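Residue-level structure breakdown
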Amino acid sequence: MLAPVCLSKMDSHCTEIHPQWVLTVKRAGTGLQISPKAVFRVTSLILLPSTHRGRPSGRAMSYQILILLAMLTLGLAISQRRDQVPCRTVNKEALCHGLSLLQVPSVLSLDIQALYLSGNRLQSILVSPLSFYTALRHLDLSDNEISFLQPGVFQALPYLEHLNLAHNRLAAGMALNSGGLGRLPLVVSLDLSGNSLHGSLVERLLGEAPRLRTLSLAENSLTRLARHTFWGMPAMEQLDLHSNVLMDIEDGAFEALPQLTHLNLSRNSLTCISDFSLQQLQVLDLSCNSIETFQTAPESQAQFQLAWLDLRENKLLHFPDLAMFPRLIYLNVSNNLIQLPTGLPQDSEDLHAPSEGWSASLLSNPSRNASIHPLSQLLNLDLSYNEIELVPAGFLEHLTSLRFLNLSRNCLRSFEARRAGSLPCLVLLDLSHNVLEALELGTKVLGSLKTLLLQDNTLRELPPYTFAGLASLQRLNLQGNQVSPCGGQAEPGPPGCVDFSGIPTLHFLNMAGNSMETLRAGSFLHTPLTELDLSANPGLDVATGALVGLEASLEVLELQGNGLVVLRVDLPCFRRLKRLNLAENRLSHLPAWTRAVSLEVLDLRNNSFSLLPGNAMGGLETSLRRLYLQGNPLSCCGNGWLAAQLHQGRVDVDATQDLICRFGSQEEVSLSLVRPEDCEKGGLKNVNLIIILSFTLVSAIVLTTLATCCFLRRQKLSQQYKA
């Protein structure tokens, strides 16, 4: 307890101050200044007349009255201020972010456990008033302008566990502040990202933090990590150093972190990883550097725990040596300069060629037990955006657990998987955007493959049953090739065609842009497709019965840009069809739809439709939600069904675009502005014109006949006269 503070030497009673409050009384000039740092309560104040030699002192009495008035006024003002504090307090959490505060509020509840001050204008963090909130466990000071930390400011918070100082100006104030953060005995997470810190500043800023598990130094200006940078943090588990300019990591920089499992070094300037020895590390992100080589320490008995390795966007010339990582499940080496060797030594004992950087694990003897292969647990391998021309057969042989393989955007000319049991767990294979000319898939291979991406290659003539042996295939993308489907058994296709019938698991097929000329009858018989894309095949002739067998399964049909004049597809039979794209053809008629169909989106843009009669389109009124008609020579009259849809709003016609129609050869007008009487007037004008033309024609015939008769009679009379 604080002892009562006397306001005057002559007082016989004193003002009692609450132990949590401080009152400072200063004499300045002729008046008094009272500067409290927190709300205070006066419990008793008794003013008795002071005496000097038996007489009251007038000056003492004046001071006492002034002090009393000042204290009462200040107490009322601070009480009103407490009611106007902009922060919200919820469950002992003070939410003060984004309020343009210039200092830490001093009038919050003293028992708060979390204080969020991000997005303000704080420049300095002082012991007072922050030290009032001794129960704080979570303190967020991110996104401010903090450049000064008073020494010992965080030591005044004995229970602090989470401290966020990200995106401030700590580098600007470190030259004047040598105290750093001090000892943080209970802090488990610390964020110092985005403060323009360089190496020496970090070393001065970081102190002893025996329980720290997560540290972020991302988005700073670090160029080098010294050996002693992280001493005093033995419990560190996650360290984020992304988006710095690190070029050098001193040997032993991470030796003081025996518990480190997650390390992010992405977006730096590292050029080489040599003698990698972090055996306990589980996740390592080295993406977006300039790494040319990745090598482990020569300790052959090391038991590395690495499971996740990201090396994308570097300058690797060869596939890294991963023989020491038997637990690896994710590997990303995309966007490098990798070339795989064109030949694999099968009998040589020295299977590792250091000059090529080729992993000995991938060149092991085929008879070796796959379960002990270093990459036998790999699930995801991304090799996209490299310079691979050929994938050797032995490269994929031991990847028995692989589920996702991405080889897109390389220089592959061929791909083969002919050995029975190859890649038994592979679910997705991406070979798109290569220059593939040959694809050889043996029987009983890729037994779990569900998605095969082959778009934008140069595939032309494939074995007829290339895809028939893929027992689980569901999605196949062949867009941008030269593949032609065979017809049914009764109508076989030309040489080099591919059979797409009888694949019971296939649901999605994209054959857009394959320069197909004819789609023969029964092309997809006994293949329950739900989505079929045949767009961008100009001049395609869709034979009658080409889509037979899909009536009960097809939901999406794309026939855009084929130049079709007649559609020989009985569309009303496709009762599950929900989206139909017939844009950019030359169609002028559609079959009559029935109410049994479930079509929701119909795209007829850039065709030759002038009328959409109600007897043909009426069956779609209950299901159709969107209709596209731009680019058609629509007639303003005779499109009563379409006009009704526009006025009633049951169908979204061309979204927000205005639909244009024509009155004969007159100017174009908006269909939504056409009234029934406009068409009636137009019809009456046409009738009147017909009557006038008919009368003129009859009159001309009568006159011609009379003239002819008169001429003949006159000629006859002339002959008689001569006689």
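Residues numbered from 1 in each chain as written. Predicted model: local features only at pLDDT ≥ 70, side-chain atom pairs only at ≥ 80, totals over all residues. Heavy atoms only, no water.

1. Quick look at helix 7 (residues 640–648)
If you check which residues of helix 7 are buried, you get W641, L642, A643 and Q645. In this fold, the buried residues of helix 7 make contact with helix 6 (614–617), strand 37 (626–628) and strand 38 (652–653). Just downstream of helix 7 lies G649, where phi reads positive at about 70 degrees. (Buried < 20%, exposed > 50% of the residue type's maximum accessible area, 1.4 Å probe, protein only. Helix = DSSP H or I, 4+ residues; strand = E, 2+ residues; numbered from the N terminus. Contact = heavy atoms within 4.5 Å.)

2. A short note on unusual backbone geometry
Each neighbour pair has its own omega, and for S128 with P129 the value is 15 degrees, a cis peptide bond. The phi torsion at H167 lies on the positive side, around 55 degrees, for a residue other than glycine. The residue H167 is located in the loop between strand 11 (162–164) and helix 3 (170–173) in this model. Unlike most non-glycine residues, L423 shows phi in positive territory, near 45 degrees. In this structure, L423 sits in the loop between strand 25 (414–417) and strand 26 (428–430). In this structure L423 comes out as buried when scored by relative accessible area, which is 2%.

3. Considerations on the pattern of salt bridges
Applying the stated criterion across every chain, the model contains 15 salt bridges. Residue R224 pairs with E250 through a salt bridge whose shortest N-O separation is 3.2 Å. Taken together, the positions of R224 in strand 14 (residues 224–225) and E250 in the loop between strand 16 (248–249) and strand 17 (262–264) put the pair 26 residues apart, joining distant regions of the chain. Between R568 and D541 there is a salt bridge, with its nearest N and O atoms 2.4 Å apart. One end of the pair, R568, is in the loop between strand 34 (556–558) and strand 35 (579–581); the other, D541, is in strand 33 (residues 541–542), and 27 residues separate them in sequence. When its relative accessible area of 36% is taken as the criterion, R568 is described as partly exposed. (Salt bridge = Lys/Arg side-chain N within 4 Å of Asp/Glu carboxyl O.)

4. Regarding a nonpolar patch on the surface
Where nonpolar side chains cluster on the molecular surface, the patch consists of V698, V702, L703 and L706 and spans about 380 Å² of accessible area. Along the chain, the position of V702 falls in helix 8 (residues 676–722). (Patch = residues over 30% accessible without salt bridge, like charges linked within 9 Å, V, L, I, M, F, W, Y side chains within 5 Å. Areas by Shrake-Rupley, 256 points an atom, 1.4 Å probe, with all protein chains shown as cover.)

5. Focus on the environment of S221
Here S221 lies in the loop between strand 13 (214–216) and strand 14. By relative accessible area, S221 is classed as partly exposed at 32%. In this structure, the C-alpha to C-alpha distance between S221 and N195, residues 26 residues apart in sequence, is 8.3 Å. Apart from the residues within four sequence positions on either side, S221 is in contact with S196, L197, H198, N244 and V245.

6. What about the state of the cysteines?
Taken as a whole, this structure holds 3 disulfides when the rule is applied. Covalently, C486 is tied to C497 through a disulfide, its sulfur atoms 1.8 Å apart. Residues C486 and C497 share a disulfide whose torsion about the S-S bond is about 95 degrees; that sign makes it right-handed. Linking C486 in the loop between strand 29 (475–477) and strand 30 (508–510) with C497 in the loop between strand 29 and strand 30, this pair joins segments that are 11 residues apart in sequence. Taking relative accessible area as the criterion, C486 reaches 9% and is therefore assigned buried. A disulfide bridge connects C636 with C661, and the sulfur atoms are separated by 2.0 Å. Across the S-S bond linking C636 and C661, the dihedral sits near 95 degrees, which makes this disulfide right-handed. Residue C636 is found in the loop between strand 37 and helix 7, and its partner C661 is found in strand 39 (residues 660–662); the two are separated by 25 residues along the sequence. C661 carries the same exposure label as C636, and that label is buried. (Disulfide = S-S within 2.5 Å.)

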